[in-house]
Each structure stands twice: as C-alpha cells, then as structure tokens.
Amino acid sequence: MAASLQSIVRAVSRVSPTVLQRTHRAQTIRNGVRVLFVSPVLRHFSNSAHLACDGVGARASEALESQSRYKEIPWEYLESEEYIERYGSRLVWSDYRRNHKGGIPPQKTRKTCIRGEKICGNPCPICRDQNIIIHYQNVKLLQQFISPHTGMLYDSTRTGVCRKQQKQLAIAIETARDHGLIPTQLPFVDFSGEDFSNSHLAVGRTPVPPGYSHGETWYAWYGAVEPDERELARVKKLYKPYLK
C-alpha cells in the first residue's frame, strides 16, 4: 500500500502546476469580460501532492543517510536508539506475518522480496528494514536466527525470511563460526563402552596355524606354485626402487 501511494505521488509530482492549470481551466463571463480561473480543489490537490512528495523525499534522504551510516558497521544498528524504538527487546522476525491467500501458509517463502526496483507488498523481516545488513561480524543479528537448543539455523518458514536472505544467513553463520565469533555445538557421544585396546582379535596378532613349523610355507600349496619368470622379472623391475 505504501509503495502504491509513493508511486502515485511521484506520478503527480512529475506534472507541473502550469500543465494542470492549463488542462483544467474553465471560462466564465462576468460583466461581459471573459475570466479564466483554476478549480480550488485542483489547486489544493497539487499543493498536497508537492507537500507529500517533499515528505517522501525527506524520508528517503533520511533512510539513505542511515543506510550509508550503517553500511560499513551494520552491528552498531542493533545498539542504536532507532533499533530499540522500532523492535525493543523483540526479535526482528517475531512480529512478522506474511500475507497469503487462504488459511494455510505456503510451504516455502518467496524467492526474493526485491526484484530490481520493485519491492513486494510485504517484504521479509530483513528486506523490510534497509538498516539490517547480514554480515558475519553482526553476531547479535545472526544469533536471532539460531536455535539456542540445537545451534542450527531456523527454517525460513518460521522466521519468514525469503530464500535469498536465508542463503546469505547460512553463509554468514558458517563464516562467523570459522572465525570463532559464534560457538559451535557438537553432539555428545559416549565412548565409555568401546574397547580401544589391542587385546581383541581384530587388532591383535594373527595366530599361528596349527601344525606349522619354522622353515615351512604358511600354506602347503605355496610350495607347489611356480611363478612366471617374465612376470616375476617385470614385478622386480617395477618395485626395484622400493626394495631394500
């Protein structure tokens, strides 16, 4: 709704007051003299449009200034008075509700909220506030999207974040963990019942077969096998650098 009002104001502001007066002039004859006048309603609408356009421009300049102020240091926005006044102690996505048709919400969030210069009617919690910038050093923002019980990133269907911002969140969280800014929770595995000694047969010494005496082959049929001389010479030549 706000986007449509802004587009109407921009369209009206493009039309100059002189053009509006020329297209909506009326003529009257008073005492034999032709008089031109402009409708008061049209004049009021033109003045209101310019005032609204000035207000939108002022708000846009303030938003642009705040965005440039937090572009290099986005983590300071979460400690500013502007953030506290808007969100307080709540999470940035706690009061977000996506508009959808029917009583059952969609299984997936939208791909992105901003396509070029077009913004959807109800952008996600990150796209609706231009001062919220995803960065791996913005730890307080990233922790709002991490479950304190599992340490995993909340699903986008719970937070309402679009899939583009969800992907950026996942990358920023992994980068922050690599830099040690966010702790990594590993599942606990109990190894007390495992046997790591070398006394069992899996890692112990191979038992001697029964009836074996020193100087004999391991198996009786080893002595009956005669290798091919050419194959034996090829193998010796191949492994000669590795033989002691």
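Residues numbered from 1 in each chain as written. Predicted model: local features only at pLDDT ≥ 70, side-chain atom pairs only at ≥ 80, totals over all residues. Heavy atoms only, no water.

Note the cut-off: UniProt positions are given in the numbering used here, feature names are shortened, and annotations may be inferred rather than shown by experiment.
Naming follows an unreviewed UniProt entry, where the chain appears as Small ribosomal subunit protein mS40 of Silurus meridionalis. Check the Sequence similarities (unreviewed entry) section of the UniProt entry for the chain; it says "Belongs to the bacterial ribosomal protein bS18 family. Mitochondrion-specific ribosomal protein mS40 subfamily." Quoted verbatim from the Subcellular location (unreviewed entry) field of UniProt, the annotation for the chain is "Mitochondrion".

### Looking at a positive patch on the surface
Using the following cut-off: The patch calculation keeps residues exceeding 30% relative accessible area without a salt bridge and links them within 9 Å when they carry like charges or within 5 Å when they are nonpolar (Val, Leu, Ile, Met, Phe, Trp, Tyr). Here the Shrake-Rupley method, with its probe set to 1.4 Å, supplies the accessible areas, and only the displayed protein chains count as covering residues. Salt bridge, as applied in this entry: a Lys or Arg side-chain nitrogen positioned within 4 Å of an Asp or Glu carboxyl oxygen. Charged residues are defined here as Lys and Arg on the positive side and Asp and Glu on the negative side; His and the ends of the chain fall outside this count. Where a charge lies is defined by one atom per residue type: Lys uses NZ, Arg uses CZ, Asp uses CG and Glu uses CD. Runs of H or I in DSSP of at least four residues are treated as helices and runs of E of at least two as strands, each being numbered from the N terminus.
On the surface, Lys108, Lys111, Arg115 and Arg163 cluster together into a positively charged patch. Mapped onto the elements, Lys108 comes out in the loop between helix H4 (81-87) and strand S3 (114-115).

### Some words on a nonpolar patch on the surface
The following threshold applies: Burial classes follow relative accessibility: with a 1.4 Å probe on protein chains only, a residue under 20% of its type's maximum area counts as buried, one over 50% as exposed, and anything between as partly exposed.
Taken together, the side chains of Trp218, Tyr219, Trp221, Tyr222 and Val225 present a nonpolar region at the surface, about 560 Å² in accessible area. Within the fold, Tyr222 resides in the loop between helix H7 (163-178) and helix H8 (229-238). Of the residues examined, Tyr222 reaches a relative accessible area of 40% and is grouped as partly exposed.

### A closer look at H7
The following threshold applies: To estimate the expected span of a helix, subtract one from its residue number and multiply by 1.5 Å. Regarding the arc, it is the one traced by the directions from the helix axis to the C-beta atoms. Note on contacts: a residue pair is in contact if any heavy atoms of the two residues lie within 4.5 Å.
Helix length check: H7 (16 residues) gives 23 Å between terminal C-alpha atoms against 22 Å at 1.5 Å per residue, within 8%. Buried within H7 are the following residues: Gln165, Gln166, Leu169, Ala172, Ile173 and Ala176. On an axial view of H7, the arc spanned by its buried residues comes to 125 degrees, and they lie on one face. Looking at H7, the residues exposed on the side facing more than 90 degrees away from the buried face are Lys167 and Asp178. Tucked into the core, H7 has its buried residues touching helix H5 (139-143) and helix H6 (156-159). Gly180 sits one or two residues past H7 and shows a positive phi near 80 degrees.

### Let's talk about the nonpolar core
Note on soluble globular proteins: their nonpolar side chains tend to be buried together. To keep things clear, this is the line we draw: Residues enter a nonpolar core if they are buried and are Ala, Val, Leu, Ile, Met, Phe, Trp, Tyr or Cys, with the set joined through side-chain atoms within 4.5 Å.
Grouped together as the largest cluster of nonpolar side chains are 26 residues, with contacts concentrated most on Val92, Ile126, Leu142 and Phe145. Mapped onto this core, the elements with two or more residues apiece are H4, H5 and H7. No other element matches the four residues that H7 contributes to this core. Leaving out residues up to four positions away in the same chain, Phe145 has contacts with Val92, Trp93, Ile126, Met152, Leu153, Tyr154, Thr159, Val161 and Leu169.

### Here we look at the packing of aromatic side chains
The condition that has to hold: We call Phe, Tyr and Trp rings a pair once their centres come within 6.5 Å, taking the six-membered ring for Trp, and we label the pair stacked below 30 degrees between planes, edge-to-face above 60, and tilted otherwise.
Applying the stated criterion to the full structure yields four aromatic pairs. Summarising the aromatic geometry, the rings of Tyr83 and Tyr87 are spaced 4.9 Å apart at their centres and angled 40 degrees between planes, so their arrangement reads as tilted. With Tyr83 and Tyr87 both in helix H4 and four residues apart, this pair spans about one turn of that helix. Look at Tyr83 and you get buried, because its relative accessible area is 5%.

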